[in-house]
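Structural characterization, general
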Amino acid sequence: MSMKAIKAKAVFTESGIEKEKLLLLDGDRFGDLLAEKDVREAGIEIAAYPDLLVLPGLFDSHIHGALGCDTMDANAAALDTIGRYLLSAGTTSWMPTTVTSSLEAIENALEALAGYHPAEDAARVTGCFVEGPYLTAEHRGAHPVEYLRELSISELEGLLARGPVKALAVAPEKAGAAEFIRHAADKGVHISLAHTSASYEEAVSAIENGADASVHTYCGMSPLHHRSPGLLGAALIQDDVYAELIADGIHVQKPAMEILLRCKPGDKVILVSDAISATGLPDGDYVLGVEPVHVEKGIPRTGSGSLAGSTANLLDEVRRLIVELGREPLSVVHMASLNPCRRFGLEDELGSIRRGKRADFLLVNERYELQQVWKDGCPAIVKRPEAKE
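The structure presented is a predicted model; accordingly, all values stated were derived computationally and were not measured.

1. Points about the overall build of the chain
- Each helix and strand in the chain was counted, giving 11 helices and 22 strands.
- Since a compact globule built from 389 residues should have a radius of gyration of about 21 Å, the 20 Å found for the chain is in line with a globular shape.
- Taken across its 389 residues, the chain has 57% of its residues classed as buried.
- Sequence separation of 24 or more characterises 71% of the internal contacts of the chain that already satisfy a separation of 6 or more.
- Summed over all atoms, the accessible surface of the chain reaches about 15,400 Å², with 47% contributed by carbon and sulfur.
- Charge centroids of the chain, computed over 38 positive and 57 negative side chains, lie 5 Å from each other.

So, in structure tokens, the structure goes:
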């Protein structure tokens, strides 16, 4: 395959921000970083973007839908629509996320993913995050109470047989949680603690048994109290646990984001969108799974007033943490790329700019506004797909 070199203002590599050397593309993979003199002597074609920054492609590991489509639609057309939208917004990989519904509906979504091959102009899929039905009613958010279920290892085995379950949400106070979590971890499933009233002790027990993340930290869990720190307290001080963060400025206010970012090691924060089918569309009435949702000023809520996911995208969250909170840029970018890849064992292929990895990357201006998306070493088709009618 022919090589190409990208010349930009800066390249956000896995180990640092490179401002002098050019980034080589070797077919669909990243090559080395070379001085411009060496690139020219080798006769390698140069694509010059002197005012732009090169970031790794982003990975959203918690997202339900976009443009009127939902993972629960359980068909390739819906997944392609979501994937095309994501690619056009700078998210080059995603983990389709289910929502609490009937067990049959969740199984249908998994079966659709098992046979799914993304369109070339859509973001790549990395498995499925099953969010619900093993949650608690008190902090259910937009998850319908009538479909919440108790933990069952036999049900888990049924889900695993249907499709590529990579992560599963669990409220750790549920009966049998320790055995269930250990069994899931033994099967290679990452347990995410979510929508829970768990005590600190119950949360720590779940972590000791193999749970490795808190879902949309601060949201869907008991608030921090100095005599009852709960899951939130455990997530903040357990350094080996990942903490999801929806940094849309709505789910979590900036001071609370700052608290999390000061408590957690930088490589244990994962930015997620939790975006729903209303993403990319005007305000109005939508559905998340089977739950009616009304969107006003871009904020989705259920009839009871609970937040119901978001209409955000990862690059906007990256921009907010860098520009508005003043966080270190490379660390923030990795929260939306390398960190989730490390959690799911994808770091040798995706998530950062390093020789030999897939050449998925973004070109952004200094305000972190998207200019171009490249996937597998080629400029991607980033025309926004049409919404589902």
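2. Concerning the packing of aromatic side chains
- Following the criterion strictly, the structure yields 4 aromatic pairs and no others.
- For the ring pair F30 and F361, a centre distance of 6.1 Å and an interplane angle of 45° mean the geometry is tilted. With F30 in strand β4 (residues 29–34) and F361 in strand β20 (residues 361–364), this pair connects stretches of sequence that are 331 residues apart.
- For F30, a relative accessible area of 2% translates into the label buried.

3. Quick notes on the sheet that holds strand β9 (residues 91–96)
- The strand order β6-β9-β10 describes an open sheet built from 3 strands, whose pairing is parallel. Every interior strand has two partners, whereas the edge strands, β6 (58–63) and β10 (124–125), have only one.

4. Observations concerning the sheet that holds strand β12 (residues 165–170)
- Read across the sheet, 6 strands follow the order β11-β12-β13-β14-β15-β16 without closing on themselves; strand pairing throughout is parallel. This sheet does not close on itself; its edge strands, each paired only once, are β11 (128–130) and β16 (269–271).
- Pairing geometry for β11 and β12, over 3 bridges, is parallel. Looking at β12, one finds that F129 is bridged to A167.

5. With respect to helix α3 (residues 103–114)
- Across its 12 residues, α3 extends 16 Å between first and last C-alpha, which sits within 8% of the 16 Å expected from 1.5 Å per residue.
- Buried-residue contacts for α3 involve α2 (76–88), β9, β10, β11, α4 (153–162) and β12.

6. A look at the environment of F59
- For F59, the position within the fold is in strand β6.
- Since its relative accessible area comes to 1%, F59 is described here as buried.
- On a C-alpha basis, the gap between F59 and V269 in space is 13 Å, while along the polypeptide they are 210 residues apart.
- If sequence neighbours within four positions are ignored, F59 has contacts with S93, W94, M95, T126, L314, A336, S337, P340, C341, F344 and L346.

What counts and what doesn't
Residues numbered from 1 in each chain as written. Predicted model: local features only at pLDDT ≥ 70, side-chain atom pairs only at ≥ 80, totals over all residues. Heavy atoms only, no water. Helix = DSSP H or I, 4+ residues; strand = E, 2+ residues; numbered from the N terminus. Rg over C-alpha atoms; globule rule 2.2 N^0.38 Å. Buried < 20%, exposed > 50% of the residue type's maximum accessible area, 1.4 Å probe, protein only. Contact = heavy atoms within 4.5 Å. Areas by Shrake-Rupley, 256 points an atom, 1.4 Å probe, with all protein chains shown as cover. Lys, Arg positive; Asp, Glu negative; His and termini not counted. Charge placed at Lys NZ, Arg CZ, Asp CG, Glu CD. Phe/Tyr/Trp six-rings, centres within 6.5 Å; stacked < 30°, edge-to-face > 60°. Pairing = 2+ DSSP bridges. Expected span 1.5 Å × (residues − 1).

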